[in-house]
Amino acid sequence: MSVVIQTEPFDPASALAAFTARQNGEPGAIVTFSGHVRGEGGLTALELESYDGLTEREIARMETEARTGWPLLDVMIIHRYGPMAPVEAIVFVAAAAKHRRSAFEAADFLMDGLKTRAPFWKKEITEAGARWIEPRAEDYVDASRWATAAPKQETSP
Amino acid sequence: MAKLVFIGRLRDIAGCTEETAALPANVRTAGDLLSWISSRSELWAEALAHPAVRVARNQELVAPGDAVADGDELALLPPMSGG
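Procedures and definitions
Residues numbered from 1 in each chain as written. Chains lettered and ligands numbered in written order. Predicted model: local features only at pLDDT ≥ 70, side-chain atom pairs only at ≥ 80, totals over all residues. Heavy atoms only, no water. Helix = DSSP H or I, 4+ residues; strand = E, 2+ residues; numbered from the N terminus. Rg over C-alpha atoms; globule rule 2.2 N^0.38 Å. Buried < 20%, exposed > 50% of the residue type's maximum accessible area, 1.4 Å probe, protein only. Contact = heavy atoms within 4.5 Å. Phe/Tyr/Trp six-rings, centres within 6.5 Å; stacked < 30°, edge-to-face > 60°. Core = buried A, V, L, I, M, F, W, Y, C linked by side-chain atoms within 4.5 Å. Pairing = 2+ DSSP bridges. Axes fitted to C-alpha atoms, helices over the stretch in contact; angles between N-to-C directions.

We now examine the overall build of chain A. Within chain A, the secondary structure is distributed over four helices and eight strands. Overall, chain A shows an N-to-C arrangement of helices and strands of β-α-β-β-α-β-β-β-α-β-β-α. The C-alpha radius of gyration computed for chain A amounts to 16 Å, which stays within 12% of the reference 15 Å derived for 157 residues, consistent with globular compactness. Taking the principal axes of the C-alpha coordinates as reference, chain A spans close to 55 × 35 × 30 Å. Taken across its 157 residues, chain A has 45% of its residues classed as buried. Within chain A, counting contacts between residues at least 6 apart in sequence, those at least 24 apart form 79% of the total.

Attention now moves to the environment of Ala45 of chain B. Residues and elements named next belong to chain B. Tracing the sequence through the fold places Ala45 in helix H3 (residues 42-48). Ala45 sits in the partly exposed class, given a relative accessible area of 31%. For the pair Ala45 and Cys16, spaced 29 residues apart in the sequence, the C-alpha separation amounts to 18 Å.

Take the packing of aromatic side chains next. If you walk through the whole model with that rule in mind, you get two aromatic pairs over all chains. Relative to Phe109 of chain A, the ring of Trp70 of chain A lies with its centre 5.3 Å away and its plane at 55 degrees, an arrangement referred to as tilted. Residue Trp70 of chain A is located in the loop between helix H2 (54-69) and strand S4 (72-80), and its partner Phe109 of chain A is located in helix H3 (residues 100-116); the two are separated by 39 residues in the primary sequence. Taken individually, Trp70 of chain A and Phe109 of chain A each receive the classification buried, so the pair is uniform in this respect. Look at Phe6 of chain B and Trp44 of chain B: their rings are 5.6 Å apart centre to centre, the planes differ by 45 degrees, and that puts the pair in the tilted class. In this pair, Phe6 of chain B sits in strand S1 (residues 2-6) while Trp44 of chain B sits in helix H3, placing the two residues 38 residues apart along the sequence. As far as burial versus exposure is concerned, Phe6 of chain B and Trp44 of chain B are alike and both buried.

Glancing now at the nonpolar core. All names here are of chain A. Judged by nonpolar contacts, the single largest core of 31 residues is most densely connected at Ile59, Leu72, Ile77, Ile90, Val93, Leu110 and Leu114. If you list the elements that add at least two residues to this core, you get strand S1 (2-6), strand S2 (29-36), strand S3 (43-50), H2, S4, strand S6 (89-97) and H3. With seven residues, the single largest contributor to this core is H3. Residue contacts for Ile59: discarding those within four places in its chain leaves Val3, Ile5, Ile77, Leu114, Ala118 and Phe120.

Across the sheet, five strands lie side by side as S2-S1-S5-S3-S4 (chain B); this open sheet has mixed pairing. Every other strand in the sheet has two partners, leaving strand S2 (18-21) and strand S4 (60-62) of chain B as the edge strands with one partner each. Neighbouring strand axes in the sheet, compared pairwise and without regard to direction, differ in orientation by 30 degrees on average. Sheet analysis places strand S3 (residues 54-57) of chain B next to strand S5 (residues 73-77) of chain B, joined by four bridges and oriented antiparallel. Residue pairing across strands places Arg54 of chain B opposite Leu77 of chain B, the latter belonging to S5 of chain B. Across the sheet, H2 of chain A lies against S3, S4 and S5 of chain B, angled at about 80 degrees from S4 of chain B, the strand it touches most.

So this is what it looks like as structure tokens:
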């Protein structure tokens with residue numbers, strides 16, 4: 001299990017390779033997601049602010065929730081903060097489980113949490129200037145799916 | 001004295017990253033802290049009226065009814081945007 005918050009750019013393909021290499025042969029399924037900076041609307045950079053101490057702890061809490069809800073063998077979360085250029089990776093999530101359903105659902109759950117509850121504050125920098133971004137209503141809807149649909153333990157092979 | 005930390009767009013309003021302040025006697029909870037800062041100006045009142053504004057005490061999220069005290073690091077967090 002690992003949660004890393006960093007300012008340095010990272011390569012999702014290398015992260016997946018490292019994640020796969022540290023497995024002991026148990027997982028039958030590895031699901032990964034990488035989120036990237038969208039360069040739409042004349043965006044020149046995205047800046048994410050974190051709050052030392054709080055941000056990492058809250059993300060670690062989400063990781064614990066995911067492992068409580070699904071029978072996961074391993075989880076890796078990498079999240080960048082600071083200034084980022086279009087196309088660069090912002091976030092990487094990997095979930096390993098014996099079977100695919102748990103891995104898919106846990107990765108989806110983690111991403112919904114990271115998109116709404118993670119303590120980050122986002123600023124878009126365009127040629128016209130900089131502005132702070134508040135959460136989108138859709139993000140809250142995505143995250144609220146998990147409040148009613150309690151994660152299930154996997155029973156079928 | 002408490003250390004007030006301003007995050008995101010609240011820092012733009014504060015004009016600084018942090019300040020050291022003596023908490024008035026009637027500021028005993030995180031909710032009191034928000035009310036006190038809101039009384040500074042119209043701009044502050046508007047920024048802190050959003051229901052998703054949170055307070056962190058010593059880097060832990062707290063509820064409006066939770067205690068705050070001198071010696072604390074108290075961060076004012078605008079609505080989190082997520083990653």
